[in-house]
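Each chain, letter by letter, is given below.
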Amino acid sequence: MTVQCGQAEGLRLTGGVYAAVEARDPGQPEFHQAVREVLESLEPVLARNPEYLRSRVLERLCEPERQLVFRVPWVDDTGQVQVNRGFRVEFNSALGPYKGGLRFHPSVSLGIVKFLGFEQIFKNALTGLPIGGAKGGSDFDPKGRSDGEVMRFCQSFMTELYRHLGEHTDVPAGDIGVGGREIGYLFGQYKRITNRYESGVLTGKGLGWGGSHVRTEATGYGTVYFVSQMLAQRGQGLDGLRAVVSGSGNVAIHAAQKVHELGGRVIAMSDSDGYVVDEAGIDVELVKDVKLRRRGRIKEYANTLSRARYIQGGSIWDVPCAVALPCATHNELDEDAAHTLLTGGVVAVAEGANMPTTPQAVRLFQQSGIAFAPGKAANAGGVATSALEMQQNASRDSWHFDYTDQRLAAIMTDIHTICRTTAEEYAAPGNYVLGANIAGFLKVADTMLDLGVV
C-alpha cells in the first residue's frame, strides 16, 4: 500500500524543508512519508533550539551523502542474460561508517531504499553504537531462483558495489531476500576481488567465518524485548497474552519464538498469499521448516498440522489479539486494520518491519492510548547486533550466545528508556514515536554540528 502524505500543512517550522523534499524527490512517497513523520516530531525541538534551523541540519539530513545506482547483469540457468538494477544510498556517516541492510525484492526502487536509509539514520543512533545510516538492494527476486542463479547475481552485484565498501566506510547486512546464503556469496566475491579477508565489511555472516551468535534472531528478539519493556511500564507482562505476528520470515519467526519464551502465545502468522491461525499456539519449529528449509508457503503449515486453519488472502489483523507485531512490509497495517485490532482488544503494537503502519493507523493507536512502538526503536535489535558482530570482527573475537543475547536485551532496554524519557521531557509521555525521533535526531544533529559543514 502506498500512502500519500500530502503537502506541508501542520509543519510550522519544518514545512519548507518538507516541501523542498517533495519537490526535489518526486515519485518517492515512502521516502516522503518517513521524512514527514520525523519532521512532525521535531517541531518542539526546533522551537527550543533554532540553531538546528540556522545550520540547515534538516536539509543536510534529508539529502543523502551519496546515492549509487548501477546495472547488475547476470546469466540464468538457461543461459539467458538477465539485467537488474542495484542501489546503495549512503545517507549519513556522522556517527560512524554507513550501516544498513541490502534488500532483494521486485519492489525495490531508489525511493524505497531512501526511505529505509533515512529511517536507518535514527535507528542506528538509538542503539548508542558508532554507526551511520545507509540502505541498499536490488529489484532482483531470489524467490524461485536456484542457488547457482542467486550466486551469479550476488557476484555481479558485489563486483560493482565492492569499491564503495569497507569496514571503516560502509558495512551492509541482510534484509528481505538477503539471508545467510546471499551474504556468503557476497562476501566470497568481495574477498576474491579485494584479496583481503576483511570480516567486518559485511554482517550476518555464518558463525564459522566471522558471524555473531544471535544475529539471526536479533531483530525479532529485540522487538519482543521492547514490547516487554512497554508492557512493564503499564504493570503488565507478556505472560498469557495472545499475539499475532504478520510475516513468516526471519524477523517474524524469531519474534514469535521470543513471545513464547516470555509466556505469550502467538496464534497467527502470514505470508503474501494468506495467513494461518493456530489457537493452540504457532509451532515455530514447523514454520522454520516450511519457510526457511523448504522455502515454501505458509499454507503448508495448515496442510501439515490439522488443528490449524489457513485463510487465503484477507487480513491477519482480523484475528483478535492483545499484542500485534507487524513484521512483514511497509504500510501493511492501515487505519481499517487498526480499528479492527482495537475492537479485538489489542493493548500493544510494535513494528518488527520498517514503517509497516500507515500514519493514519499510528494516530489511531496513539489516540486510543495503547502502547505503540515505531520500527526505528522496536526493530533496532538487528542492526545493534550487527554492530556487535563488527566489534567481534575488529577484535578477532567470538562471543557465546547467552552473552550476546544479554547485550541485545540491555541495548533494547536502553532504547526503550531513552525513547520514554525523551517523550516525557517534551511533554508527550507514552509517545514512543516522538521520543524515538527526537532522541535519534539529537544524537546525529549535535554530532553534525560538531563536525562542521560537511
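Analysis parameters
- Residues numbered from 1 in each chain as written.
- Predicted model: local features only at pLDDT ≥ 70, side-chain atom pairs only at ≥ 80, totals over all residues.
- Heavy atoms only, no water.
- Pairing = 2+ DSSP bridges.
- Helix = DSSP H or I, 4+ residues; strand = E, 2+ residues; numbered from the N terminus.
- Axes fitted to C-alpha atoms, helices over the stretch in contact; angles between N-to-C directions.
- pLDDT = per-residue confidence, 0-100.
- Contact = heavy atoms within 4.5 Å.
- Core = buried A, V, L, I, M, F, W, Y, C linked by side-chain atoms within 4.5 Å.
- Buried < 20%, exposed > 50% of the residue type's maximum accessible area, 1.4 Å probe, protein only.
- 1 Å grid on protein atoms, 1.4 Å probe; cavity = no way out; pocket = protein on both sides within 12 Å on 5 of 7 lines; lining within 4 Å.
- Points joined across faces, edges and corners; volume = space filled by probe spheres on them.
- Nonpolar A, V, L, I, M, F, W, Y, C, P; charged D, E, K, R; others polar.
- Expected span 1.5 Å × (residues − 1).
- Bend = angle between axes of the 7 residues up to and from the residue.
- Salt bridge = Lys/Arg side-chain N within 4 Å of Asp/Glu carboxyl O.

Trainee: Sorry, what's going on with the sheet that holds strand E3 (residues 98-104) here?
Mentor: The pairing of strands in a sheet happens through backbone hydrogen bonds and is either parallel or antiparallel. In space, the five strands of this open sheet follow the order E1-E2-E4-E3-E5, with mixed pairing throughout. The open sheet terminates on both sides in strands that have one partner only, identified here as strand E1 (66-75) and strand E5 (170-174). Averaged over all adjacent pairs, the angle separating strand axes in this sheet is 20°, with direction ignored. Inspection of the sheet shows E3 paired to strand E4 (residues 132-138) by five bridges, in the parallel sense. Looking at the pairing, Leu 102 lines up with Gly 136 of E4.

Trainee: Before we go on, may I ask you to explain the sheet that holds strand E6 (residues 242-246) in this structure?
Mentor: Taken together, seven strands build an open sheet; the order of strands is E9-E8-E7-E6-E10-E11-E12 and the sheet is mixed. Edge positions in the sheet fall to strand E9 (309-312) and strand E12 (371-373), since each has one partner strand and no second. Strand-to-strand twist across the sheet, computed as the mean angle between neighbouring axes with direction ignored, equals 15°.

Trainee: Looking at this structure, how should I read the confidence of the model for the chain?
Mentor: Should pLDDT be low for a region, the predicted coordinates there are not to be read in detail. On average, residues of the chain score 96 in pLDDT, and 98% of them are at 70 or above. Scored below 50 in pLDDT, residues 1-7 shows 22 contacts in the model against residues more than four places distant or in partner chains.

Trainee: Whenever I open this one, the nonpolar core confuses me. Can you help?
Mentor: One finds Phe 226, Met 269, Leu 325 and Ile 415 to be the most contacted residues of the largest nonpolar core, which totals 60 residues. Broken down by element, the residue count for this core peaks at eight residues, all from helix H8 (residues 218-233). Counting residues in hydrophobic clusters, the runner-up holds 40 residues, among them Tyr 18, Leu 42, Val 57 and Leu 434.

Trainee: Even after reading the chapter, I still don't get unusual backbone geometry, so can you show me in this structure?
Mentor: Excluding glycine, most residues fall at negative phi; most peptide bonds, likewise, are trans. Phi angles above zero are rare outside glycine, and Arg 295 is one such case at about 55°. Position of Arg 295 among the secondary structure elements: in the loop between helix H10 (284-293) and helix H11 (299-304). Under the relative-accessibility criterion, Arg 295 is labelled exposed at 56%. Backbone geometry at Ala 427 places phi at a positive 60°, although glycine is not the residue there. With respect to the element layout, Ala 427 can be found in the loop between helix H16 (401-425) and helix H17 (432-451). The class for Ala 427 is exposed, based on a relative accessible area of 69%.

Trainee: How should the environment of Ala 308 be read in this particular structure?
Mentor: Relative to the helices and strands, Ala 308 is located in the loop between H11 and E9. Distance from Ala 308 to Ala 268, taken between C-alpha atoms, is 9.4 Å for residues 40 residues apart in sequence. Ala 308 has contacts with Val 277, Asp 278, Tyr 301 and Ala 302, leaving out every residue within four places of it along the chain.

Trainee: Just to check I follow, could you spell out empty space enclosed by the protein for this structure?
Mentor: Counted under the stated rule, the structure contains one cavity of 30 Å³ or more. Roughly 30 Å³ of volume is contained in the largest cavity. If you trace the largest cavity, you find it lined by Val 38, Leu 39, Leu 42, Leu 58, Leu 61, Cys 62, Phe 118 and Phe 122. Breaking the lining of the largest cavity down by element, the ones donating at least two residues are helix H2 (29-48), helix H4 (57-62) and helix H5 (110-126). Per-class residue counts for the lining of the largest cavity are eight nonpolar, no polar and no charged.

Trainee: Which parts of the structure should I look at to understand H5?
Mentor: Because the α-helix completes a turn every 3.6 residues, residues three or four places apart line up on one side. For H5, built from 17 residues, the straight-helix expectation of 24 Å at 1.5 Å per residue is met to within 8% by its first-to-last C-alpha distance of 25 Å. Gln 120 marks the point of greatest bend in H5, at about 25°. Within H5, 16 of the 17 residues are buried, which leaves it mostly tucked inside the rest of the structure. Positive phi shows up at Gly 128, right after H5, with a value of about 80°.

Trainee: Please explain the pairing of E1 as it appears in this structure.
Mentor: Consecutive side chains along a regular strand alternate between the two faces of the sheet. In this sheet, strand E2 (residues 81-92) lies alongside E1 in antiparallel orientation, the contact comprising 10 bridges. Within E2, the position partnered with Leu 68 by the bridge is Arg 88.

Trainee: Honestly, the pattern of salt bridges in this entry has me stumped. Any pointers?
Mentor: Oppositely charged side chains can pair when the atoms bearing their charge come close. One pass over the structure, following the stated rule, counts 29 salt bridges. In this structure, the salt-bridge partner of Glu 198 is Arg 196, at a minimum N-O distance of 3.0 Å. The buried category is assigned to Glu 198, whose relative accessible area is 10%. For Arg 196, a relative accessible area of 42% translates into the label partly exposed. Between Asp 271 and Arg 297 there is a salt bridge, and its shortest N-O distance comes to 3.6 Å. In this pair, Asp 271 sits in the loop between strand E7 (265-270) and strand E8 (274-277) while Arg 297 sits in the loop between H10 and H11, placing the two residues 26 residues apart along the sequence. Take Asp 271: its relative accessible area is 14%, and that puts it in the buried class. Bridged by salt links that share partners, the residues Asp 271, Asp 273, Lys 291 and Arg 297 form one connected network.

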